[in-house]
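Given next are the chains, with one letter for each unit.
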Amino acid sequence: MIKYYNRKKKSYETEQVAGERILTWTYSSATGMKLLEAVIKKRAFSSFYGWYLNRRISKKKVDPFIHKFNIDISTAEKDIDEFTSFNDFFHRKLKSNARKIDTDSLSLISCGDGRLFAYENIDMDSLVQVKGFTYSLRELIRNDAIAEKYSKGTCLILRLCPTDYHRFHFIDDGICESTQKIKGAYYSVNPVALQKVEKVFCENKREWSTFHSDHFGEVLYVEVGATCVGSIIQTYTPHQRVKRGDEKGYFKFGGSTVILFFESCKVRIDKDIIEQTKLGYESYVLMGETIGTSAEINKPGSAQLKAKS
């Protein structure tokens, strides 16, 4: 059972996990772990399942999935009968008014829908996966020079469940560099798996890019694939200006993760998110929702601080 914090209701809720029984069996039994290492974590397995979910025959899975997990399809651009496959539904676009985006340039917004952990003043050689399991930023992106920039900075880990909206967005106006791709395995990123497999984020397929944000410095985006995620699709154009809320890309089927790194003294994360992270709970957030502020607001004499007081 996975619990997370609902910020709006200020209460804890239990996550509905797609494929919970088989996920638990896979990562909790000797036979399941052998199958995981031999087959499930391999690219071929995820690619084959992804191929099936791109076929029209998989469309029959859409309606049962929507009803089982109570997904609000009214926010999607397409109606149920317009989806051509399960993946077409899974990486669906939303209507332009489906998410309220905080337009204050010094407000830090969430890049997507999901469950969020936030860590400040990070040790880039000992980033937290779950209690007892850590990894380093150097291992994650395999670039020492870039990793060094984020020492003592802030790390946000946004976990997207299979039931979530699976597109991710830019948190500010700015310019994003080209994406660097790293091949890897396809372990689940569900907390059940994170407690069983060491350094999952450094083992899995992942992509990273540097976003030159107008208000939050150089932000490192890392997108991590997972079991049955056949593809991470980047839809932005490198080196061209984007606006806050513009789409950066999307994941095909499966639970996935977006990790953001900020340089030291660039952002302040909302207290409730930090407190829940320390307690071991993810906070549920939506794309465009305010999750913090620019550190500039907190400086003495800041014009923005005076305007808000």
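(A) Structural context of the packing of aromatic side chains. Scanning the model with the defined rule gives 17 aromatic pairs in all. For the pair Phe 65 and Phe 86, a centre-to-centre distance of 5.2 Å together with 85° between the ring planes defines the contact as edge-to-face. Note that Phe 65 is positioned in helix 4 (residues 62–68) and Phe 86 in helix 5 (residues 86–90), a separation of 21 residues in sequence. Like Phe 65, the residue Phe 86 is buried in the burial classification. Relative to Tyr 119, the ring of Phe 117 has its centre 6.1 Å away and its plane inclined at 50°; by these criteria the two rings are tilted.

(B) The nonpolar core, seen in detail. Ranked by size, the top nonpolar core spans 30 residues in total, and within it Leu 137, Leu 140, Ile 259 and Phe 261 carry the most contacts. Every element with two or more residues in this core is listed here: strand 4 (114–119), helix 6 (137–141), helix 7 (144–148), strand 7 (154–160), helix 9 (200–203), strand 12 (217–224) and strand 16 (256–262). Discounting chain neighbours no more than four positions away, the residues touching Phe 261 are Ile 122, Leu 127, Leu 137, Leu 140, Tyr 150, Thr 154, Cys 155, Glu 218, Val 219, Leu 220 and Val 222. Counting residues in each nonpolar core, the second largest holds 29 residues, with Leu 108, Tyr 221, Leu 260 and Ile 291 among its members.

(C) Spatial organisation of the environment of Glu 139. Relative to the elements of secondary structure, Glu 139 occurs in helix 6. As for Glu 139 and Glu 203, which are separated by 64 residues in sequence, their C-alpha atoms are 9.2 Å apart. Among the polar contacts listed, one links the side chain of Glu 139 to the side chain of Lys 199, at a separation of 3.0 Å.

(D) Geometry of the sheet that holds strand 15 (residues 247–251). Strand order in the open sheet formed by three strands is 8-15-13, and the pairing between neighbours is antiparallel. Each edge of the open sheet carries a strand with a single partner, namely strand 8 (167–169) and strand 13 (232–234). In this sheet, neighbouring strand axes are inclined to one another by 20° on average, regardless of whether the strands run parallel or antiparallel. Strand direction decides the pairing type here: strand 13 and strand 15, joined by three bridges, are antiparallel. Along strand 15, the bridge assignment pairs Ile 233 with Tyr 250.

(E) Region of interest: the environment of Lys 278. Residue position: Lys 278 is located in helix 10 (residues 271–279). Separated by 159 residues in the primary sequence, Lys 278 and Tyr 119 have C-alpha atoms spaced 8.6 Å apart.

(F) Structural context of unusual backbone geometry. The phi torsion at Lys 10 lies on the positive side, around 55°, for a residue other than glycine. Locating Lys 10 in the fold gives a position in the loop between strand 1 (3–6) and strand 2 (11–14). The phi dihedral of Arg 142 is positive, around 55°, even though this residue is not glycine. Examined against the element boundaries, Arg 142 turns out to sit in the loop between helix 6 and helix 7. With relative accessibility at 58%, the residue Arg 142 sits in the exposed group.

(G) Molecular detail of the pattern of salt bridges. In total, this model carries 19 salt bridges according to the counting rule given. Note that Lys 199 is salt-bridged to Glu 139, the shortest N-O span being 3.0 Å. Here Lys 199, found in the loop between helix 8 (191–194) and helix 9, pairs with Glu 139, found in helix 6; they are 60 residues apart in sequence, far enough to count as distant. Given the relative accessible area of 25%, Lys 199 is considered partly exposed. Accessibility expressed as a relative area gives 31% for Glu 139, which makes it partly exposed. Through salt bridges with shared partners, one network takes in Glu 15, Arg 115, Arg 159, Asp 164 and Glu 282.

(H) Representation of the sheet that holds strand 19 (residues 290–294) within the structure. Taken in spatial order, the three strands line up as 3-19-17 in an open sheet, and their pairing is antiparallel. Whereas interior strands pair on both sides, the edge strands pair on one side only; in this sheet they are strand 3 (107–109) and strand 17 (267–269). Adjacent strand axes in the sheet meet at a mean angle of 35°, parallel and antiparallel pairs treated alike. Pairing analysis gives three bridges linking strand 3 to strand 19, with the strands arranged antiparallel. Bridge assignment links Ser 107 to a residue of strand 19, and that residue is Thr 293.

(I) Layout of helix 10. Considered for burial, the residues of helix 10 that qualify are Ile 273, Ile 274, Gln 276 and Thr 277. Projected down its long axis, helix 10 shows its buried positions confined to an angular sector of 165°, all on one face. Projecting away from the buried face of helix 10 at angles above 90 degrees are the exposed residues Lys 271, Lys 278 and Leu 279. As for helix 10, its buried residues are in contact with strand 1, strand 2, strand 4, strand 17, strand 18 (282–285) and strand 19.

(J) Looking closely at the side chain of Ser 283. Within the element layout of this structure, Ser 283 appears in strand 18. With residues up to four places along the chain from it excluded, the contact list for Ser 283 reads Tyr 5, Arg 7, Gly 114, Arg 115, Leu 116, Asp 272, Ile 273 and Gln 276.

(K) Spatial organisation of the environment of Leu 137. Tracing the chain through its elements places Leu 137 in helix 6. Measuring from C-alpha to C-alpha, the distance between Leu 137 and Tyr 150 comes to 8.7 Å, with 13 residues separating the pair along the chain.

The rules we used
- Residues numbered from 1 in each chain as written.
- Predicted model: local features only at pLDDT ≥ 70, side-chain atom pairs only at ≥ 80, totals over all residues.
- Heavy atoms only, no water.
- Phe/Tyr/Trp six-rings, centres within 6.5 Å; stacked < 30°, edge-to-face > 60°.
- Helix = DSSP H or I, 4+ residues; strand = E, 2+ residues; numbered from the N terminus.
- Buried < 20%, exposed > 50% of the residue type's maximum accessible area, 1.4 Å probe, protein only.
- Core = buried A, V, L, I, M, F, W, Y, C linked by side-chain atoms within 4.5 Å.
- Contact = heavy atoms within 4.5 Å.
- Polar contact = N/O pair within 3.5 Å; in protein donor to acceptor, adjacent residues only side chain to side chain.
- Pairing = 2+ DSSP bridges.
- Axes fitted to C-alpha atoms, helices over the stretch in contact; angles between N-to-C directions.
- Salt bridge = Lys/Arg side-chain N within 4 Å of Asp/Glu carboxyl O.
- Arc of directions from axis to C-beta.

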